[in-house]
Amino acid sequence: MSTLKVNAINAATSGQAVAVDISNPRSFRNLIINGAMQVAQRGTSSTDHGHHTLDRWAHYRAGVDENPTFSQADVASGTTPYELGFRKSLKTVNGNQTGGAGGSDYISLDYKWEAQDIANSGWNYTSTSSYVTLSFWVKSSVAQNFYFHIRTIDGTSQNYPMETGTLSANTWTKITKTIPGDSDLQFDNNNDTGLQMRFMLYRGTTNTGTITLNQWADFVGAVRVPDNTTTWYTTNDATFELTGAQFEVGSYATDFEHRSYGEELDRCQRYYQAQTDYHHICINNGESDRWIRFMKPMRAAPTVTTSPTNSVSFAAQNQQKEGFAGNGSGSGSANFNLEWTASAEL
């Protein structure tokens, strides 16, 4: 039997020595769900504020003259992300902001984690010598720097602002940020929001100012990131694309953890589900009670919407993590399809 002995193993790109734990291949290391932007249960395009066009990723906008469009887009063949296995991105197309960059204007992309997922991740988050690493691929049609930040929610909210650096126009760039713990961080062991990440495509000066990058500090709503460059925001139809987002415990970025569409959908359905069921009403007065069981338990009792067919009404009741009750009514016997959605988003 042969034995291979080495003094160190270095990362191919940086040359940095890395630790290798053979006993733990670190499956399930990516704490971001739908980081490859594969799942879009609600549809593939929206201009709405606070909507999740792609599962787990919310988009927000305010003060705009024309609403931006947020969509699931194809990653072009021949690009580096495509060659690394990414086929979809979260794409933002700016509207025509004829009024210029106002102080309260903003367009942002958000991701939120449950507090328990961070608390139980293995990150010793109160230690400055313990790290998490964020990595993602980004492309902008306008050459400029963009800011983003992560913010804790439990205890005294803490803020960690970062920047992409100046991006080359229409060029995919990989961004990697290694983030230390801090004694002021707190993550409760529950299913509420514990950590939020926000990409600022533009944020007006009402919420920006002088702040130190790459450092934890108390969150101050009036100064979340430095003042933003206005070029992208004031360029009609400017685009911003994001894919390959990974957040993992450790001091360096590993290769992206690709998961199948089915695996990613299963994780997304903890927060959102949509289904069409077939039902039949055949009782006195044309009324019938039903219990609709979800495909998997949800994060919390969700908000349920129902859209029955064939002139039947169906009111959702007693929403629980496992399902919901409903009372269907119609004129005598009726077959009907019931389209329903259930949202337990953070």
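Please read all numbers here as calculations on a predicted model, not as lab measurements. (Residues numbered from 1 in each chain as written. Predicted model: local features only at pLDDT ≥ 70, side-chain atom pairs only at ≥ 80, totals over all residues. Heavy atoms only, no water.)

**Some thoughts on the packing of aromatic side chains**
Point 1. Evaluated as defined, the whole model comprises 17 aromatic pairs.
Point 2. A ring pair is formed by Tyr 111 and Trp 113, whose centres lie 4.9 Å apart and whose planes are at 65 degrees; its orientation type is edge-to-face.
Point 3. Taking 5.5 Å as the distance between ring centres and 50 degrees as the angle between the ring planes, the aromatic pair formed by Phe 294 and Trp 340 counts as tilted. Of this pair, Phe 294 sits in the loop between strand 15 (287–293) and strand 16 (303–308) while Trp 340 sits in strand 19 (residues 334–343); the two residues are 46 residues apart in sequence, bridging distant segments of the chain. One exposure class covers both Phe 294 and Trp 340, and it is buried. (Phe/Tyr/Trp six-rings, centres within 6.5 Å; stacked < 30°, edge-to-face > 60°. Helix = DSSP H or I, 4+ residues; strand = E, 2+ residues; numbered from the N terminus. Buried < 20%, exposed > 50% of the residue type's maximum accessible area, 1.4 Å probe, protein only.)

**Digging into the sheet that holds strand 2 (residues 51–54)**
Point 1. Spatially, 7 strands are ordered 2-3-6-11-8-9-12 in an open sheet, and the strand pairing comes out antiparallel. The sheet is open, and its two borders are formed by strand 2 and strand 12 (217–218), each paired with just one other strand.
Point 2. The pairing of strand 8 (residues 147–152) with strand 9 (residues 158–163) spans 5 bridges and is classified as antiparallel. Each residue of the ladder has a partner; that of Ile 150, found in strand 9, is Tyr 160. (Pairing = 2+ DSSP bridges.)

**Details of empty space enclosed by the protein**
In this approach, a probe sized like a water molecule rolls over the atoms, and the result shows the empty space that is left.
Point 1. Scanning all chains against the criterion turns up 1 cavity of 30 Å³ or more.
Point 2. In this structure, the largest cavity spans a volume of roughly 50 Å³.
Point 3. Lining the largest cavity are His 52, Arg 56, Ala 58, Tyr 60, Asp 110, Tyr 111, Lys 112, Glu 345 and Leu 346.
Point 4. Elements with a minimum of two residues in the lining of the largest cavity: strand 3 (57–62) and strand 6 (106–114).
Point 5. No other element matches the 3 residues that strand 6 contributes to the lining of the largest cavity. (1 Å grid on protein atoms, 1.4 Å probe; cavity = no way out; pocket = protein on both sides within 12 Å on 5 of 7 lines; lining within 4 Å. Points joined across faces, edges and corners; volume = space filled by probe spheres on them.)

**Comments concerning the nonpolar core**
Point 1. The biggest cluster of nonpolar side chains holds 47 residues, and the ones touching the most others in it are Ile 32, Trp 57, Phe 136, Met 197, Phe 199, Trp 232 and Phe 247.
Point 2. Of all the secondary-structure elements, those providing two or more residues to this core are strand 6, strand 7 (131–140), strand 8, strand 9, strand 10 (173–180), strand 11 (193–203) and strand 13 (239–249).
Point 3. The element that contributes the greatest number of residues to this core is strand 11, accounting for 5 residues.
Point 4. If sequence neighbours within four positions are ignored, Phe 247 has contacts with Arg 29, Asn 30, Leu 31, Ile 32, Trp 113, Ile 118, Val 132, Thr 133, Leu 134, Ile 179 and Leu 195.
Point 5. Val 304, Phe 314, Phe 324 and Leu 338 belong to the second largest nonpolar core, which has 12 residues in total. (Core = buried A, V, L, I, M, F, W, Y, C linked by side-chain atoms within 4.5 Å. Contact = heavy atoms within 4.5 Å.)

**Brief notes about the environment of Gly 221**
Point 1. The residue Gly 221 is located in the loop between strand 12 and strand 13 in this model.
Point 2. Sequence separation between Gly 221 and Asn 207 is 14 residues; the distance between their C-alpha atoms is 6.3 Å.

**Focus on the pairing of strand 7**
Point 1. With 9 of 10 residues buried, strand 7 is to be regarded as a mostly interior element.
Point 2. Pairing between strand 7 and strand 10: 8 bridges, direction antiparallel. Counterpart to Val 132 in the pairing with strand 10 is Ile 179.
Point 3. Inspection of the sheet shows strand 7 paired to strand 13 by 8 bridges, in the antiparallel sense. Bridging across to strand 13, Leu 134 finds its partner in Phe 247.

Purely geometric stuff here, so don't read any function into it on its own.
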